[in-house]
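Given next are the chains, with one letter for each unit.
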Amino acid sequence: MELQRGTVEVYTYSQNLSDSDVFLKTPISKMAQKQKWQEKIFGKNLLDCSSLTKTNEQRTSPTADVLHGAEIVGVYFSFANMQSDDFIKKLKDLYERINCSANSDSSARKLEVVQVVLWAHNDVYSDFETSHRDNLLNLPWFAVPYNEIELKTRLSRRYRIKSGVPTLVLLDKDGGTISAAAQERLLEDPTGASFPWRPRPVEQVLKDIVLQPGGLYIKEHQKSCNDVTYSDIPAGVKGFYFSAHWCPPCKAFTPQLAEVYRLVRKREPTFEIIFVSSDR
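K.L.:
I keep staring at the overall build of the protein chain and nothing clicks. Help me out?
P.N.:
Secondary structure summary: the protein chain contains 10 helices and 13 strands in total. Relative to its 280 residues, the protein chain shows a buried fraction of 36%. Pairs at least 24 apart in sequence give 61% of the contacts found in the protein chain among residues at least 6 apart. For the protein chain, the accessible area works out to roughly 18400 Å², and carbon and sulfur atoms hold 50% of it.

Next up, the structure:
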């Protein structure tokens, strides 16, 4: 197979082909068509809130361009028929403060916000489009367009948004969730001193907590079962089981988990489960 010089293409090796056909041609132009995570989550275009006016004027921008280079993406779920002016003010202040402190030589923002306007009660407004626009006026960030109803529904389900509860979700540069309820942290830390409020490592959370040993751990560590801490547990995969004695589904699930636990431990002796009780 002849490969011409100057051709920009990607070739994938396949051991299942003959020596004369060991290259499969995949043009870069096709690879570029692969959908980016930003578009998968937010769709192809976002509404520029700064372009909105009381009339129908508005401007959209490609989602991939808007969010390209952003270190943190805030997804703010608001409700058009519920006032949250105080929170909006705090979020705007944080948005401006974080981005002003970013590298002035870079065009990418450290924090970009995508607002998703929902309705807690669909019978409150007779003109949904007007209420959607009014909810976004004079804001410096972007929003999911009004007509993307199915997309908003998927986003609400993806991040488990409760009706009538304004919620701020923080994502990292790869689309991973940093916090699913960052609105609480913003109210506690309005200046963003600890932004983006990443969860503390479990080693820090359980550093001084004494655990109660049980089951196989007692049999395997009969001489050292007093005052067991998280750091005493051998390194390996650990699961946290949140349950309660009064919970009927938990009573049905616990025996199944115990059986799986024993089976896994035969293959992975360092596997451990830490029970977190909700009993009072």
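Okay, back to it.
K.L.:
Looking at this structure, I do not really get unusual backbone geometry. What am I missing?
P.N.:
Negative phi values dominate among residues other than glycine, just as trans dominates among peptide bonds. In this structure, the amide linkage connecting Phe 195 to the following residue, Pro 196, adopts the cis form with an omega of 10°. Checked against the element boundaries, Pro 196 lands in the loop between helix H7 (182-188) and helix H8 (202-205). At Arg 160, a residue that is not glycine, the phi angle is positive and equals roughly 55°. Along the polypeptide, Arg 160 turns up in the loop between helix H6 (149-158) and strand S8 (167-171).

K.L.:
When you look at the environment of Thr 53 in this model, what are you seeing that I'm missing?
P.N.:
Secondary-structure assignment places Thr 53 in the loop between strand S3 (45-48) and strand S4 (59-62). With residues up to four places along the chain from it excluded, the contact list for Thr 53 reads Arg 133 and Leu 137.

K.L.:
Honestly, the nonpolar core in this entry has me stumped. Any pointers?
P.N.:
Note on soluble globular proteins: their nonpolar side chains tend to be buried together. Counting residues in each nonpolar core, the largest one holds 28 residues, and the members touching the most others are Leu 136, Trp 141, Leu 170 and Phe 195. Counting residues per element, the ones that place at least two in this core are strand S5 (72-79), helix H4 (85-100), strand S6 (111-118), S8 and H7. In terms of residue count, H4 provides more of this core than any other element does, 6 residues in total. What Leu 136 contacts, discounting residues up to four positions off in sequence, is Leu 47, Cys 49, Leu 52, Gln 115, Val 117 and Ala 143. The next biggest cluster of nonpolar side chains, apart from the first, holds 23 residues, and it includes Phe 42, Val 66, Phe 79 and Val 116.

K.L.:
Is there a simple way to explain the pattern of salt bridges in this structure?
P.N.:
Should the charged atoms of two oppositely charged side chains come close, the side chains can pair. This model, assessed by the stated rule, comprises 7 salt bridges. Between Glu 188 and Arg 185 there is a salt bridge, and its shortest N-O distance comes to 3.4 Å. On the criterion of helical spacing, the pair formed by Glu 188 and Arg 185 is a turn pair, its members being 3 residues apart in helix H7. Exposure remark for Arg 185: the relative accessible area of 32% places this residue in the partly exposed category.

K.L.:
Before we go on, may I ask you to explain the sheet that holds S5 in this structure?
P.N.:
Pairing between the strands of a sheet is mediated by backbone hydrogen bonds and can be parallel or antiparallel. Spatially, the 7 strands line up as an open sheet ordered S4-S3-S7-S6-S5-S8-S9, and their pairing is mixed. A strand with exactly one partner marks an edge of an open sheet, and here the two such strands are S4 and strand S9 (177-179). Pairing between S3 and S4: 4 bridges, direction antiparallel. Looking at S4, one finds that Asn 45 is bridged to Pro 62. Running over the sheet, H4 touches S5, S6 and S8 and is turned about 160° from S6.

K.L.:
How do you make sense of the environment of Ala 244 when you look at a structure like this?
P.N.:
For Ala 244, the location among the structural elements is in the loop between strand S12 (238-243) and helix H10 (248-267). In this structure, Ala 244 is in contact with Cys 250, Ser 278 and Asp 279, ignoring residues within four places of it in sequence.

K.L.:
Please explain the side chain of Thr 167 as it appears in this structure.
P.N.:
As for its position among the elements, Thr 167 is in strand S8. Within the structure, the side chain of Thr 167 is placed 2.8 Å from the backbone oxygen of Val 165, a separation counted as a polar contact. Other than its neighbours up to four places away in sequence, Thr 167 contacts Val 75, Tyr 76, Phe 77, Ile 161, Ala 180 and Gln 183.

K.L.:
Would you explain H10 in this entry?
P.N.:
Residues that lie three or four places apart on an α-helix share one face, since the helix turns once every 3.6 residues. For H10, built from 20 residues, the straight-helix expectation of 28 Å at 1.5 Å per residue is met to within 8% by its first-to-last C-alpha distance of 30 Å. If you look at H10, its biggest bend is around 25°, right at Thr 254, and the proline Pro 255 turns up within four residues after that. Along H10, the residues that are buried comprise Cys 250, Leu 257, Tyr 261, Val 264 and Arg 265.

K.L.:
Whenever I open this one, the packing of aromatic side chains confuses me. Can you help?
P.N.:
Pairs of aromatic rings are described using the distance from one ring centre to the other and the angle between the two planes. Tallied over the entire structure, the rule returns 10 aromatic pairs. Ring geometry for Phe 77 and Tyr 159: centres 6.3 Å apart, planes at 55°, overall tilted. Residue Phe 77 is found in strand S5, and its partner Tyr 159 is found in the loop between H6 and S8; the two are separated by 82 residues along the sequence. On the accessibility criterion, Tyr 159 (9% relative accessible area) is buried. An aromatic cluster is built from Trp 119, Phe 128 and Tyr 146, whose rings are joined through pairwise contacts.

Rules behind the numbers
Residues numbered from 1 in each chain as written. Predicted model: local features only at pLDDT ≥ 70, side-chain atom pairs only at ≥ 80, totals over all residues. Heavy atoms only, no water. Helix = DSSP H or I, 4+ residues; strand = E, 2+ residues; numbered from the N terminus. Buried < 20%, exposed > 50% of the residue type's maximum accessible area, 1.4 Å probe, protein only. Contact = heavy atoms within 4.5 Å. Areas by Shrake-Rupley, 256 points an atom, 1.4 Å probe, with all protein chains shown as cover. Core = buried A, V, L, I, M, F, W, Y, C linked by side-chain atoms within 4.5 Å. Salt bridge = Lys/Arg side-chain N within 4 Å of Asp/Glu carboxyl O. Pairing = 2+ DSSP bridges. Axes fitted to C-alpha atoms, helices over the stretch in contact; angles between N-to-C directions. Polar contact = N/O pair within 3.5 Å; in protein donor to acceptor, adjacent residues only side chain to side chain. Expected span 1.5 Å × (residues − 1). Bend = angle between axes of the 7 residues up to and from the residue. Phe/Tyr/Trp six-rings, centres within 6.5 Å; stacked < 30°, edge-to-face > 60°.

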